[in-house]
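Structural description and commentary
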Amino acid sequence: MKKLALHWKILIGMTLGILFGFIMNSIDGGKGFVTDWIKPFGTIFINLLKLIAVPLILASLIKGISDLKDISKIKKMGFKTISIYIGTTLVAIIIGLGIVNIVKPGEGMALDTIEKIKAKYETSADVTDKLTKATAQNDAGPLQALVDIFPSNIFQSFVDASMLQIIFFAMFVGISLLLIPEKKAKPLMDFFDSLNEMVMKMVDLIMLFAPYAVFALLANVIIAFDDTEILLKLLQYALCVVGGLLLMIGFYLLLISVITKKSPLWFLKQISPAQLLAFSTSSSAATLPVTMERVEEHLGVDKEVSGFVLPVGATINMDGTSLYQGIAAVFIMQVIWPEGLTFSNQMVIVFTALLASIGSAAVPSAGMVMLVIVLESIGFPAELLPIGLALIFAVDRPLDMCRTTVNVTGDATVSMLVAKSLGKLKDKPNTKEWDDNYDKVK
Ligand code: ASP
């Protein structure tokens, strides 16, 4: 096992987890066993990743910004990052809408299937919970999202892990450090440098546990599937989403090879542990520390770029989610509201899916909550909303796993592009292992 690359170890863990899940599904009491004795190891792993996310963002962003030593560079980086994020998200939505309009997975769905899905999910707690969350989000004023970026108590932001607030605070500190005399700034800069180095080492240590954690996470996903019949009925829809997501990955690889002149296969190999974790956890926020470690130490993006581009991306750039929202919205209309399928409504979807992906939290199934807002924006009848969500609910988890993988890949791609354009992409990444210093202390 020692010589095997990390991504292979994780893949083996995932495969065994899936097999184990299927076996436990077919054994009496198997599900309970997984819930009680296996799932907690996945939860511990996710907790550890979340534990280090806040100090990591804080340290790498403050260090990165103060290292840039030039406020105009920060402006340039911010502008480039946001513009490329918007650009890739628009491409994602257009790919999604293109596919769903060509394949039309929702046309001709049998009435009894719709009835069955309605009966099973329409009033389920999961669906009503998503609707309630969407209403809460929708009730906020138009500038609330902007107000929410500015914290009044940074410790509260740490507690809530409010990513954008922490990013704002870190940039504020970084820029202020640049504006005071170097001698005075140095102690704090050294502190954050050291903090950053230490948290990166924590990522390496946590990743030693990854192959076992993904086993637990995937076994737990598998035991949640119970109705394969409905799953098969939604296969065409699910394949549209997966096909669109694969096209999106192809688009990223094209950008990597044309703009950064790096090999797409090399890129995939280096970023794969983060992709596999995104797939296993369905959360770009939980994956963020690993994405940062891979992008900095394995893809060679300088801290000053990755420290900004990745946390911002995990929060606002969700290409997989917006592609999914485009497909899901049109699919639902094809099944239960065909009269709403107008060109102008689809244009509204492009715009609202862009905003919705910015507003979606980087946690499991957040994309489905924001889908409600996308649907509401085109005047989708409120009484049909629970049926709409019920329609796609059965396949949401596997699709969430796939779209999160794309979300993370998109963030990594954009960080490479921004780094290249600012001359901050190393030719030879400085790869670090968990035990580089072990001999001296063992
Ligand atoms: N789970 C996704 C993420 O964390 C968001 C979503 O599409 O539900 O990136």
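First, a word on what this report is: a plain description of the structure on this page. (Residues numbered from 1 in each chain as written. Predicted model: local features only at pLDDT ≥ 70, side-chain atom pairs only at ≥ 80, totals over all residues. Heavy atoms only, no water.)

**Some points on the overall build of the protein chain**
For the protein chain, the count of helices and strands is 21 helices and 0 strands. Relative to the compact-globule value of 22 Å for 442 residues, the protein chain shows a C-alpha radius of gyration of 22 Å, a close match. Residues classed as buried in the protein chain amount to 53% of the 442 residues present. A separation threshold of at least 6 residues defines the contact pool for the protein chain, and within that pool the share at least 24 residues apart is 86%. Here the protein chain has roughly 19,700 Å² of accessible surface; of this, 67% comes from carbon and sulfur atoms. Between the mean site of the 37 positive side-chain charges and the mean site of the 38 negative ones, the protein chain shows a separation of 10 Å. (Helix = DSSP H or I, 4+ residues; strand = E, 2+ residues; numbered from the N terminus. Rg over C-alpha atoms; globule rule 2.2 N^0.38 Å. Buried < 20%, exposed > 50% of the residue type's maximum accessible area, 1.4 Å probe, protein only. Contact = heavy atoms within 4.5 Å. Areas by Shrake-Rupley, 256 points an atom, 1.4 Å probe, with all protein chains shown as cover. Lys, Arg positive; Asp, Glu negative; His and termini not counted. Charge placed at Lys NZ, Arg CZ, Asp CG, Glu CD.)

**Re the site of the ligand**
The local shell around the ligand holds 15 residues, among which Ser 284, Thr 321, Gly 367, Asp 400 and Arg 403 are the closest. Interatomic distance of 2.6 Å between a side-chain N/O atom of Arg 403 and an oxygen atom of the ligand. Considered on its own, the ligand offers 270 Å² of accessible surface; in the complex 100% of this is hidden by protein. Of all the secondary structure elements, the ones that give two or more residues to the shell around the ligand are helix H18 (366-377) and helix H20 (396-421). Top element by residues in the shell around the ligand is H20. It accounts for 4 residues. (Near = heavy atom within 4 Å. Polar contact = N/O pair within 3.5 Å; in protein donor to acceptor, adjacent residues only side chain to side chain.)

**A closer look at helix H8 (residues 163-179)**
End to end, H8 covers 24 Å across 17 residues, agreeing with the expected 24 Å (1.5 Å per residue, within 8%). Of the residues making up H8, those classed as buried are Met 163, Gln 165, Ile 166, Ile 167, Ala 170, Met 171, Val 173, Gly 174 and Leu 177. Looking at the buried side of H8, the elements it contacts are helix H2 (30-68), helix H3 (71-103), helix H7 (154-160), helix H9 (182-207), helix H14 (284-297) and helix H15 (303-316). (Expected span 1.5 Å × (residues − 1).)

**What to know about the nonpolar core**
Counting 136 residues, the largest nonpolar core has Phe 45, Tyr 237, Ile 332, Ile 349, Leu 371, Phe 380 and Ile 392 as its most contacted members. For this core, the element with the most residues is H2, which contributes 13 residues. Not counting the four nearest positions on each side in its chain, Ile 349 is found in contact with Leu 97, Gly 326, Ala 329, Val 330, Met 333, Leu 354, Val 374 and Ile 378. Judged by nonpolar contacts, the second largest core, of 7 residues, contains Met 24, Val 34, Ala 219 and Ile 223. (Core = buried A, V, L, I, M, F, W, Y, C linked by side-chain atoms within 4.5 Å.)

**So, the side chain of Ser 66**
Looking at where Ser 66 falls in the secondary structure, it is placed in helix H2. Engagement of the side chain of Ser 66 in a polar contact is seen with the backbone oxygen of Ile 62, the distance being 2.6 Å. Look past the residues within four positions of Ser 66 in its chain and what remains in contact with it is Gly 174, Leu 177, Leu 178 and Met 189.

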